[in-house]
Amino acid sequence: MSFSFVREQMVEPAPAPVNTAGPIAWARRNLFATPSDSLLTILAIVLLVWAIPPIYGFVMPNFLGGDAVPPGGTVEQCRVETAGACWAYISARMTFFIYGFYPAEEYWRPNLVFALGTLLIIPLAIPRVPFKRTNAILFFVVYPVVCFYLLNGGVLGMPSVPTEQWGGLLVTLIISLVGIICSIPIGILLALGRQSKLPIIKTLCIMFIELWRAVPLITVLFMASVMLPLFMPQGTTVDKLLRALVGVTLFSSAYLAEVVRGGLQALPRGQYEAASSLGLSYWKSMWFIILPQALKHVIPGIVNSFIALFKDTSLVSIVGIFDLLNTVQAASSDIDWSSPTQAITGYLFAGMVFWVFCFAMSRYSIWMERRLDTGHKG
Amino acid sequence: MAVQDNIAGPPRTAFYNDPVIRGIIYQLVVAGLVIAFLTWIILNTAQNLAAQNKSTGFGFLFETSGFGISFTLIPFDRSSYYWQAFVVGLLNTLLVAVIGIIFATMLGFVLGVARLSSNWLIARCATVYVEVIRNIPLLLQLFFWYFAVLKAMPAVRESFELPLSIFVNQRGIIVPRPLPDFEIFWVAVTAVLALVAAIAMVVWATRVRTKTGHYPAVVSRASRIAGLIVTFGVGYLAISLLGTVVPALSLGPVFPLIGALVLAGISLSPYGRYGRVFIGFAIGWAVANFLLGGMFAGLGEGIIVLGAALVALGIAWTMLSADRRSAATEGKLPLALPVLIVIALPALVYWVTGASLAFEIPVLERFNFAGGLQLVPEMVALVLGLTIYTAAFIAENVRSGIQAVSKGQTEAASSLGLREGDRLRLVVVPQAMRVIIPPLTSQYLNLTKNSSLGAAIGYPELVNVFMGTTLNQTGKAIEVIAITMLVYLTLSLTTSAFMNWYNARVALVER
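Note that the structure is a prediction, hence the values are computed from the model and not measured. (Residues numbered from 1 in each chain as written. Chains lettered and ligands numbered in written order. Predicted model: local features only at pLDDT ≥ 70, side-chain atom pairs only at ≥ 80, totals over all residues.)

Draft legend 1. A look at the overall build of chain A. Within chain A one finds 16 helices and zero strands. Here the C-alpha radius of gyration of chain A, 29 Å, is well above what a compact globule of 378 residues would show, namely 21 Å. Across its three principal directions, the C-alpha atoms of chain A cover 110 × 75 × 40 Å. Considering chain A as a whole, with its 378 residues, one finds that 34% of them fall into the buried category. In chain A, the share of contacts with a sequence separation of at least 24, taken over all contacts with a separation of at least 6, comes to 65%. (Helix = DSSP H or I, 4+ residues; strand = E, 2+ residues; numbered from the N terminus. Rg over C-alpha atoms; globule rule 2.2 N^0.38 Å. Buried ≥ 20, exposed ≤ 12 C-beta atoms within 10 Å, placed from the backbone. Contact = placed C-beta atoms within 7 Å.)

Draft legend 2. Quick look at the sheet that holds strand 2 (residues 166-169) of chain B. Residue and element names in this part refer to chain B. The strand order 1-2-3-8 describes an open sheet built from four strands, whose pairing is antiparallel. Of all the strands in the sheet, the pair left with one neighbour each is strand 1 (160-162) and strand 8 (373-375). When the angles between neighbouring strand axes are averaged without regard to direction, this sheet yields 20 degrees. (Pairing = 2+ DSSP bridges. Axes fitted to C-alpha atoms, helices over the stretch in contact; angles between N-to-C directions.)

Draft legend 3. Molecular detail of helix 8 (residues 168-195) of chain A. All names here are of chain A. The end-to-end C-alpha distance of helix 8, which contains 28 residues, comes to 40 Å, matching closely the 40 Å that a straight helix rising 1.5 Å per residue would cover. In helix 8, a bend of some 35 degrees at Ser183 exceeds every other bend along the element, and Pro185, a proline, comes one to four places later. The buried count for helix 8 comes to 21 of 28 residues, which makes it a mostly enclosed element. (Expected span 1.5 Å × (residues − 1). Bend = angle between axes of the 7 residues up to and from the residue.)

Draft legend 4. Quick peek at the confidence of the model for chain B. For chain B, per-residue confidence averages 83 on the pLDDT scale, and residues scoring 70 or more make up 93% of the total. Scored as a complex, the prediction yields pTM 0.84 and ipTM 0.87. (pLDDT = per-residue confidence, 0-100.)

Draft legend 5. Main features of the domain arrangement of chain B. Segmentation of chain B into domains returns domain 1 (15-51), domain 2 (82-161 + 371-506) and domain 3 (231-323). Each of domain 1 of chain B and domain 2 of chain B has a C-alpha centre, and these two points are 40 Å apart. (Domains from an automatic or database assignment.)

Draft legend 6. Expanded view of helix 11 (residues 240-266) of chain A. The terminal C-alpha atoms of helix 11 of chain A lie 40 Å apart, and with 27 residues this matches the ideal 39 Å at 1.5 Å per residue to within 8%. Burial of helix 11 of chain A is extensive: 19 of the 27 residues sit out of reach of the surface.

Take a look at the structure:
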């Protein structure tokens, strides 16, 4: 008896599977999976073959097969027609890029500032290290004051160095650090105000936040540098760096307020209600219950806005402050080192410095985000 | 268990402990402080202004400016008023913003999709781009493009010459200037109408098909004829281009004509796709040959022709396999008919009205180019910088938007029997767009705000013309800064109004 639905012949043997391990299988899967994939791979390879060798040759010194002049070279080597990047120029002007016009015999002061900052920020950034509260107070409150007196001088027999002489990477770091340190408390207050039930306070906070978020930083800096002297009582002079700091702080506090608001809104209502049911006052419930949780959640957001602020500090060069970018820009017209690749080398150097800082911070923020993502979101 | 019953009365608290009254007191205190602070500022400002003998008011807007602007969209000279300078700056800002937004959107979407590509190399390249560009300040990038790239271009006499009479030198990019006559206006009108008509036709045909299962008979018949014509045209182009790669094939105008006729004939036969593949191969070969020749000028011609042939083979293979995969299902409405409508109608009007679109070709004279349209390097650098920088951010928005659509949606679409393209078009992209558009609008706003950095490289946009030159000349700091900030505030509030409206419209209706 035969059923029509039962096969009578064996199924054709399937071809042996292609190997699924090893580099060839990997390439087949990831580079040549389909014809269009292969086409894209070929095009990308063509593009890379076209673009990478000239860039490599430009950036790398000759002992690595490139045309660049390594640190220690002379300006004549840089002026050769075929020369690549002039790293000799960067190393020769390095102190200018780091300290600006800071007097050379006082370099130990900025160096001490850098060292102290590194010592304080590393344990702060590693979650496992204890004494977070002391550490945070030291970094956010004590450190800026110490830095100011250390850099400005005039006390303990240190000669005074006016802010006009500060410059380079030092100023870039100062502006971004002061900007973020001052704007965290202001931002928290603004965020709380925006969440408040009191209409006047809420309106004022919203107006403040939206105004600064709506305008470009460059207009804020212009405003700070032109209008701040007008706002002060007659006779007061406002330091140029201070004006920029005020502008940057106003600007970044508005952005930070929105970041903190995100954290406040992410907390479940139960936390607010629990705090009230314990009979805590508004400020106590904020300080002990709400903010510790909300701020922990927004650490990645704060780091991200710090990255944005760090990049934005380059704008202060437009109002005439010698930050890293402005020192590079100013040095590019240095006749002693004039060569065809002088400007481009300077920009490459500044770009690398900014990139290293920002990329490291963004990796840290991503890492923190993963760590904090404990899976039970509001 | 006695229940205390003496708690019914109102709690007796001091009036300053009543939360409502407390709230009012707090607010009054804050409002009073703010008002006091503002009054203090205003009084100080008035004193300072009086001490500097400065007046306030917006009368300066109607005074003669006395300066020139290097790049204007509307007529402007030294005798123009300050408000005209304001308009010039605003228009320049908007011009750069619009161009930047268009390019950044295209580049950003390509990069965002590329980051998610299953092709390892493509995904890696896109990641490197995004990570490098996002972490370098925009101002530095602008300086790089302006001072290190565009200003380092050769002098006028040694300009780079690109195809189509485009010249690149220190003074920017010089392109042919179109000289339209009056009849071109009608051609343009026809082009717009043809585009509308083509879209309407496609929409109508699709609707009929959704209802009845078939395209309307008129459309199918017209499509077939249009397909024939387009195949003939493209085939002619392909064979002519082939002549540029293989000189032996350029046998005068007759050969491409015959070849195109043959290709059109093939397209009617069951072997139509081989004709299409051949056309793809020919055009791909010619284009790749041209591009590779430009990129690797050092290599021998034979190697380049060979490499280009390899690329073209890749294209042909891709087309062949794509064709094979979609052969089993009923085709979509062929693109030929709408394409023909959009191209042929304006061409017909162009021919009938005798319109002529001449181009003024830039010619190198003793010191500079005569004729042509000069794109100033400031603008080129600003557009380039804004596009490249913003595209990296848009790419991230696009990537996260696509990733936000859960895998279940794709699987559900597959289980309904939708093919890859339809899955993306009908299921994934509409849902991803809901996530992408809000951050995208804020990227557009960021780009517009960032265009103010043009001031640093001398592009005459709003901040440069108004907050820079006008402020310096008139000294009206408060008025000028207020107006400028108001412009950006308006742009920003308009954008966020749009965003709120869009969010409300597309928000998921939850139970």
